[in-house]
Each structure stands twice: as structure tokens, then as C-alpha cells.
Amino acid sequence: MLYKTGFILKIVNTNHIKKFIQKNGCFVVGKTSCTFAAMTRWENYQGSAVKIITRYQGDLPLHHYLKQFFKQHPQMGSRDRKWISRLVYDYFRLGHWALDAALEERIQKAVCICEPGANDFLAAINPELNELAALPLERKLESLTINNSAYSAEQLFPFAQQLSAEIDIKTWASSLLKQPLLFIRVRPGKRTKVIDILENQGVDFQYLDNEAIALPQGTNLEQLILDKDWYEIQDLSSQTTMQLLTPKPGEYWWDCCAASGGKSILLKDKEPGIKLFASDIRPSIIQNLQKRLTAAKVSGFQTGVIDLNQGDLASLLPRKQFDGILLDAPCSGSGTWGRTPENLVYFEAEKIDYYADLQWKIATNVLPYIKPGGSFVYITCSVFAKENEQMVTRLLDTGLLEKESGGLIDGSAKRADSMFAVRFRKK
Ligand SMILES: C[S@@+](CC[C@H](N)C(=O)[O-])C[C@H]1O[C@@H](n2cnc3c(N)ncnc32)[C@H](O)[C@@H]1O
């Protein structure tokens, strides 16, 4: 803005303007009177958030989009980037509630609702809302309207009809208004070392059951824990799926939608004595998996690139049958929308059928490769019945499987993702 207003540079000392900008965020010229009006740092943040929300079309993950945006605006420092990102993420957390409202109103109310208390942005931009921001979430939701529209869970989350029966829409929708925590899984034998570091560095952490530790979002783990094989970043509910995995030494397991290998490492940590085959649909994904497993010092695994949406897989597999198959299926990801609230706004309900069809095809294509008596673990990070309970019913109807245990893993009260995981036994 400063550099467009060339004539100012002629009449005012440039250092003076630079100092002014550092303090206030920017500098504008009143068009008619030629008097100078200061745009505060906070107005600037709001302006940038409006720009981002207007331009973003949901076609790539929001964190990638923000990264690109900040790359194009290198003058923004880390504090600026953090604040602008917070405003944008809070905006999307409101889901479909009053999407037609003016962006500035919606951003300010989103910050009031989603931030845990009074904050510098609202103090500067809207002190009245800042007073409300200190109240408990329920009180804020009762007292606020956006563009004259009152809050309801169904307005925020219009897919209530599709939810798994165990999920209460009110609790679910309000859980989306809070940013989830960062969870790590401490690798075997590293618990004391990791906890010592976190304590010595004064990190505000919570040690949970098993190997899980909850940390505030934004904790810079890479700087804190230099040994990368001491922990894995893994959501709490994803860690909980470990309870269903029962690999025994010498068994041969197939992680058939392995992505970068989060569950492969989980399997190997649970039972290092298994042999593991990990596959996914694209070579680049498998290259990442190989790097990640090597960095995690995991050995004894083979990999493959396989599209499971096709019939005869036998020639692509390292053996005819496996003791266990883990299918962490491609899904709507709706159980993780607390972390990716942009999907709450851009998701189209027809996609649920697309994923359910794909999950069915993949599951029925891999079933022949499980030994009789072997395990089949089906996992999604979805909260939709069609991808979860209804898929279990369809799989049981094949007559090939018995359900052993599992179901919904509701992470909403723990500020974690929600997942669905079931272990079957092949008859
Ligand atoms: C939910 S992710 C798996 C996450 C992984 N298990 C983990 O713990 O990090 C689902 C994976 O399924 C893969 N996928 C999608 N369609 C596929 C197909 N037709 N055949 C094989 N894999 C597929 C995706 O590439 C994606 O990596």
C-alpha cells in the first residue's frame, strides 16, 4: 500500500513512514482530503483474512493455500501469519452458519466464539465482542446472532442426517468450534526421555493413557525433541485403533492403504516381529512412506504400489494370503474436520456415496487375501453411517466375516479426531 502511493514518498520522510508501518501495520491516504489515516495492524489482519476467504475456493487444503499466500507476502512476520491464519480458521469453524453474512462480521463473531477468551484482535476491533469472548462457549452461542441468524447445530453442520447413530449432533457441532489439540505417540522405550524434555522445557503437556501426550497446537516439537524417532505425531483416536490391532510374532500383515505409514509404524511398534507389506495407490506416496519408516528406524517391511479399485491383485502381492489386513480406507475425513474446517464448508454430501462405493470395492477386493481365521481391521476417520456402521453390515452380509470388536472412537470430548475402527475375523 505504501509503495503504490508514490507522491507521499516525495513529501514525507520515508523512514518515518516505515516506523509508522512497523508500529501500526500500514499506512493509507485519505482520497479526498489528503490527510493520513492509519490502518491498524488488526484492521490489516482482518483485511488479509477477508482477501483469503474471498479467493479461497476449497480446491486445495487451506494450510497449503495459506502457505502460498504468505509466500507471496514475505513482509508478513510470524506473528502476522499466526493471527491471519487464526482469523481464517475461526471463520471456517462456523461451518454453514450464516454463510451469507458480511465477512467482517462473521470473522469477528467467529473469533469471539472459537477463541478461548478475550484477545488482542477483538480488544482492538470490537471491544464489546471482546467482553463476550470471555464467557463459556454455550453462553456465547446463546447470546450471539450472525446476520440476525441464531446458532443451531444443524445450521453449522448440515449433514446431521448422515451421522453415525452414536453421535449426538449438538455435542458434535460444538466440538467443531474448538481447535483440536496436538497429539504425539511416544515410541517404545522413549517415554521417560520425552517427558523429561517436555518438563525441563516447561511445555504445557498432558500425559494420557498408553503412549499418548497432548500438547497445545503450535508446539514446536522439531526444536524441542531432536531425535525424530522418539515420537510420532498421531491423533489420539488414531492411536486408540492400536487396541484393535493384534499382530503376533512371525505373522505377515498387509497395510493396504498405508499413505505415509502412520499405522504401519503403529503395527511394527506393537509387534516388531511381524513381517509387513505396505502399499498405496501412487509411487510418490510410497516413497514418502519409505522415508518415514526409515527415519523411524522401522525395518522388516516391503512396499508396493497397488490400485485396489481393481479385481485380480494376486500378481501384485508378495504372497497369496496374509494373517492380517489393515484397511485404513480413503474416506470423507469428516471425523477430522476440527483440524480442516474448510472441508466443513466445501464438502458436498454426494461425496459420501462416492467414498462408500470405493470403500466397498477396496474391502471386497482385499478380503480373498486373508487367511481363514485371520484378522481384517477396517478403519475410517469419518463420522458418517454409510462409511461406518452400514459398511460393517454390508461386510457381514457377505458371510465371510465375523465382527470381533470395535466401533466409533468419539474424540470430540478430548479435542481429538473421531474415527471408526472394527476388527473382523475371517471365517
Ligand atoms: C486414510 S488414508 C490412510 C492413512 C494411513 N493409513 C495412515 O495411518 O497415515 C487412505 C489412503 O488410501 C489411499 N487410496 C485411495 N484410493 C486407493 C486405491 N484405489 N487403491 C489403493 N489405495 C488407495 C490414499 O492414497 C490414502 O493414502
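Conventions adopted
- Residues numbered from 1 in each chain as written.
- Predicted model: local features only at pLDDT ≥ 70, side-chain atom pairs only at ≥ 80, totals over all residues.
- Heavy atoms only, no water.
- Pairing = 2+ DSSP bridges.
- Helix = DSSP H or I, 4+ residues; strand = E, 2+ residues; numbered from the N terminus.
- Contact = heavy atoms within 4.5 Å.
- Axes fitted to C-alpha atoms, helices over the stretch in contact; angles between N-to-C directions.
- Near = heavy atom within 4 Å.
- Polar contact = N/O pair within 3.5 Å; in protein donor to acceptor, adjacent residues only side chain to side chain.
- Areas by Shrake-Rupley, 256 points an atom, 1.4 Å probe, with all protein chains shown as cover.
- Nonpolar A, V, L, I, M, F, W, Y, C, P; charged D, E, K, R; others polar.
- Buried < 20%, exposed > 50% of the residue type's maximum accessible area, 1.4 Å probe, protein only.
- Domains from an automatic or database assignment.
- Buried area = accessible area lost by both parts, 1.4 Å probe.
- Right-handed = clockwise from strand over helix to strand, strands pointing away.

**Quick look at the sheet that holds strand β8 (residues 231-233)**
Piece 1. Pairing within the open sheet is antiparallel, and its 4 strands lie in the order β6-β7-β5-β8. Each edge of the open sheet is held by one strand with a lone partner, namely β6 (206-207) and β8.
Piece 2. For strand β5 (residues 182-186) and β8, the ladder comprises 3 bridges, and the chain directions are antiparallel. By the bridge assignment, arginine 185 is partnered in β8 with glutamate 232.
Piece 3. Its contacts with the sheet put helix α12 (residues 191-200) on β5, β6 and β7 (212-215), and the angle it makes with β7 is roughly 15°.

**A word on the site of the ligand**
Piece 1. Residues in close proximity to the ligand total 16 residues, the closest being Lys263, Asp280, Asp307, Leu308 and Asp328.
Piece 2. Between the ligand and the protein, one listed contact pairs a nitrogen atom with a backbone N or O atom of leucine 308 at 2.9 Å.
Piece 3. Coverage of the ligand by the protein amounts to 81% of the 600 Å² it exposes when considered alone.
Piece 4. A breakdown of the residues in the shell around the ligand according to their chemical character gives 10 nonpolar, 2 polar and 4 charged.

**Some remarks on the side chain of glutamine 46**
Piece 1. Inspection of the secondary structure puts glutamine 46 in helix α3 (residues 41-55).
Piece 2. For glutamine 46, a relative accessible area of 10% puts it in the buried group.
Piece 3. Among the polar contacts listed, one links the side chain of glutamine 46 to the side chain of glutamine 108, at a separation of 2.8 Å.
Piece 4. With residues near it in sequence (within four places) discarded, glutamine 46 still touches Leu87, Glu104, Ile107, Gln108, Phe121 and Ile125.

**Comments concerning unusual backbone geometry**
Piece 1. Unlike most non-glycine residues, alanine 259 shows phi in positive territory, near 45°.
Piece 2. Along the chain, alanine 259 falls in the loop between β9 (252-255) and α15 (262-270).
Piece 3. Looking at alanine 259, the relative accessible area reads 37%, which means it is partly exposed.
Piece 4. The phi dihedral of lysine 297 is positive, around 55°, even though this residue is not glycine.

**Some points on the domain arrangement of the protein chain**
Piece 1. Per the domain assignment, the segments making up the protein chain are domain 1 (6-34), domain 2 (41-151), domain 3 (182-232) and domain 4 (240-426).
Piece 2. Measuring from the centre of the C-alpha atoms in domain 3 to the corresponding centre in domain 4 gives 26 Å.
Piece 3. Contacts between the two partners involve 8 residues from domain 3, matched on the other side by 13 residues from domain 4.
Piece 4. Both sides of the domain 3 and domain 4 interface together cover about 860 Å² of buried area, and 42% of this is carbon and sulfur.

**Concerning the pairing of strand β11 (residues 301-305)**
Piece 1. Pairing of strand β10 (residues 275-280) with β11, which is carried by 5 bridges, proceeds in the parallel orientation. Counterpart to leucine 276 in the pairing with β11 is phenylalanine 301.
Piece 2. After leaving β10, the chain enters helix α16 (residues 283-295) and then returns to the sheet as β11, a path that is right-handed.

**So, the environment of proline 158**
Piece 1. Here proline 158 shows up in the loop between α10 (153-156) and α11 (169-175).
Piece 2. In this structure proline 158 comes out as partly exposed when scored by relative accessible area, which is 42%.
Piece 3. With 90 residues separating them in the primary sequence, proline 158 and glutamine 68 have C-alpha atoms 30 Å apart.

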